[in-house]
Amino acid sequence: MSPSVPAPLIGAIEAGGTKFVLALARGPTEVLERTRLSTGAPDSTLEACVHWFRQAQQRHGAMQAMGIASFGPLDLNSLSPGYGNISTTPKPGWQHTPLLRHLRAAFAVPMAIDTDVNAAALAESRWGAAIGLDPTVYITVGTGIGGGVLAHGSLLHGALHPEIGHLMVPPPEDAAPNPGGQCPFHKQCVEGYASGTAIEKRWGKPAPELPPDHPAWTGVARTLAYACANLCLTLSPRKIILGGGVMHTDGLLAQTRQFLQTNLNGYLQIPELQDQLETFLSEPGLGEHSGLLGAMALGMDALKAQSQH
Ligand code: ZN
């Protein structure tokens, strides 16, 4: 028997506003090494990434491709001079950071970049809770809210990329002491009512300190359900995944399902919104790892695309 050829070594970066998670892997079940770095200034953070991958390659061999799943907004227009840049992020110092260019200057391997949430949708459709379900929407509800879309086998880009966290929704009709929406751009958007940051500003307490029966959660569920209803009506998804730290709140997902049904009021006669509702609107199959595994999937696809040329 000839020894089997090991799968290509892929570098994966999940670039977040508070931490970068890095991995060198041969596949989702063969992560050889991973680490996390605190997100500091762009140059020092990216240099630390480059240093880690150089060291890790000495231990494990040469990386053959890299995938980057990043917070955004990102310039993903491949014809734009700023392709692969973080664009107008509110994160101080990170506006117009040439993320992809910096890494390409360090490593001469095929690379792909996408939003962290688009990447998560890709990973969930390949290895997680959305296998065979297309279109798939992945939404993360954490300090902010973002969403990615996989449709007809591809991640959705266009003039920009989906910005599901800023879908416009009605107020949550709750009794928050500070009732307004908390997004600096919009009076009434999902992130402004249902993100961890918004929950704390509206109710005066960090979201993890609000018990599951606190009235705040009804408004959060109602807000998320409006977003999901709008996505059902525009994208006709076969799956919506709700991930992120805020979704760990007991009962929040179940309450969101109920409001989704109430909002749509029987208009869409599809099994996904009836007896399949629990699997249609669900938590991630890959837990906290959707973003990093999405970066890995992007790297694997970049390698495959190059080998087909
Ligand atoms: Zn907004």
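The shown structure was predicted, so the numbers you read here are calculated from the model rather than taken from an experiment. (Residues numbered from 1 in each chain as written. Predicted model: local features only at pLDDT ≥ 70, side-chain atom pairs only at ≥ 80, totals over all residues. Heavy atoms only, no water.)

Undergrad: When you look at the state of the cysteines in this model, what are you seeing that I'm missing?
TA: Should the sulfur atoms of two cysteines be covalently bonded, the bond is a disulfide. Applying the stated criterion across every chain, the model contains zero disulfides. Of the cysteine sulfurs around cysteine 232, a residue in no disulfide, the closest is that of cysteine 228, at 6.7 Å. (Disulfide = S-S within 2.5 Å.)

Undergrad: Help me out: how do you make sense of the nonpolar core in this one?
TA: Soluble globular proteins tend to bury their nonpolar side chains together. Ile139, Leu224, Ile240 and Leu260 are the most contacted members of the largest nonpolar core, which totals 39 residues. Counting residues per element, the ones that place at least two in this core are strand 6 (136-141), strand 7 (145-151), helix 4 (190-194), helix 5 (196-203), helix 6 (216-235), strand 9 (239-243), helix 7 (252-264) and helix 8 (277-280). With eleven residues, helix 6 is the single largest residue contributor to this core. Each residue touching leucine 224, except ones within four places of it in the same chain, is listed here: Val141, Ile145, Val190, Ala194, Met247, Leu252 and Thr256. Membership of the second largest hydrophobic core comes to 28 residues, among which are Leu22, Leu24, Leu37 and Met111. (Core = buried A, V, L, I, M, F, W, Y, C linked by side-chain atoms within 4.5 Å. Buried < 20%, exposed > 50% of the residue type's maximum accessible area, 1.4 Å probe, protein only. Helix = DSSP H or I, 4+ residues; strand = E, 2+ residues; numbered from the N terminus. Contact = heavy atoms within 4.5 Å.)

Undergrad: Looking at this model, I keep getting lost on the sheet that holds strand 2 (residues 19-25). Mind explaining?
TA: Strand order in the open sheet made by the five strands is 3-2-1-4-5, with mixed pairing throughout. The two strands at the open ends of the sheet, each matched to only one other strand, are strand 3 (31-38) and strand 5 (111-115). Mean inter-strand twist for the sheet, computed between neighbouring axes without regard to direction, equals 15°. Here strand 1 (residues 10-15) pairs with strand 2 via six bridges, running antiparallel. When the sheet's bridge partners are listed, alanine 12 is paired in strand 2 with alanine 23. The strands that helix 1 (residues 42-60) touches are strand 1, strand 2, strand 3 and strand 4 (65-70); relative to strand 2, the one it contacts most, it runs at about 20°. Strands strand 4 and strand 5 of the sheet are contacted by helix 3 (residues 116-127), whose axis makes an angle of about 105° with strand 5. (Pairing = 2+ DSSP bridges. Axes fitted to C-alpha atoms, helices over the stretch in contact; angles between N-to-C directions.)

Undergrad: Just checking my understanding: could you explain the packing of helix 3 against helix 9 (residues 290-307) for this structure?
TA: Angle between the axes and distance between the axes are the two parameters that describe a pair of packed helices. Close contact between helix 3 and helix 9 brings their axes to 7 Å; oriented N to C, the two are set at 80°. By the angle class used here, helix 3 and helix 9 are roughly perpendicular. Contacts between helix 3 and helix 9 involve Asp116, Ala119, Ala120, Leu122, Ala123, Glu124, Arg126 and Trp127 from the first element and Ser290, Gly291, Leu293, Gly294, Ala295, Ala297, Leu298, Met300 and Asp301 from the second. Grouping the constituent residues of the contact of helix 3 with helix 9 by class yields ten nonpolar, three polar and four charged. (Parallel < 35°, antiparallel > 145°, perpendicular 65-115°, else oblique. Nonpolar A, V, L, I, M, F, W, Y, C, P; charged D, E, K, R; others polar.)

Undergrad: What is the right way to read the coordination of the zinc ion from this model?
TA: Looking at the zinc ion, the protein donor atoms are His166 (ND1), Cys183 (SG), His186 (ND1) and Cys189 (SG), and they sit 2.1 to 2.4 Å from it. Metal-centred angles of 105 to 117° between the four donor atoms at the zinc ion mark the site as tetrahedral. Counting the intervening residues between successive donors of the zinc ion yields the motif H-x16-C-x2-H-x2-C. Placement of histidine 166 in the loop between strand 8 (154-155) and helix 4 and of histidine 186 in the loop between strand 8 and helix 4 is noted, with a sequence separation of 20 residues between them. (Donors = N, O, S within 2.8 Å, 3.2 Å for Na, K, Ca; no water. Tetrahedral: all angles 85-135°; square planar, octahedral: opposite > 155°, others 65-115°.)

Undergrad: Mind showing me how you'd approach the domain arrangement of the protein chain here?
TA: When the parts come together, some accessible area is lost, and that loss is often what is quoted as the size of the interface. Here the domain parsing of the protein chain yields domain 1 (10-115) and domain 2 (129-283). Using only C-alpha atoms to locate each centre, domain 1 and domain 2 end up separated by 28 Å. Together, Pro73, Leu76 and Asp114 form the three largest contributors to the area buried by domain 1 at its contact with domain 2, with a combined 61%. At the surface where domain 1 touches domain 2, the tally comes to zero salt bridges. Here domain 1 and domain 2 share two residue pairs in polar contact (both at pLDDT 80 or more) between them. (Domains from an automatic or database assignment. Buried area = accessible area lost by both parts, 1.4 Å probe. Salt bridge = Lys/Arg side-chain N within 4 Å of Asp/Glu carboxyl O. Polar contact = N/O pair within 3.5 Å; in protein donor to acceptor, adjacent residues only side chain to side chain.)

Undergrad: How should the pairing of strand 4 be read in this particular structure?
TA: Side-chain direction in a regular strand flips from residue to residue, so the side chains alternate between the two faces of the sheet. A large share of strand 4 lies buried, amounting to six of its six residues. What you see with strand 4 is no split at all: Ala65, Gly67 and Ala69 on one side and Met66, Ile68 and Ser70 on the other are buried throughout. Bridge analysis of strand 4 against strand 5 gives five bridges, and the strand direction is parallel. Bridge assignment links methionine 66 to a residue of strand 5, and that residue is methionine 111. The parallel pair strand 4 and strand 5, bridged by helix 2 (residues 99-106), forms a crossover whose chirality is right-handed. (Right-handed = clockwise from strand over helix to strand, strands pointing away.)

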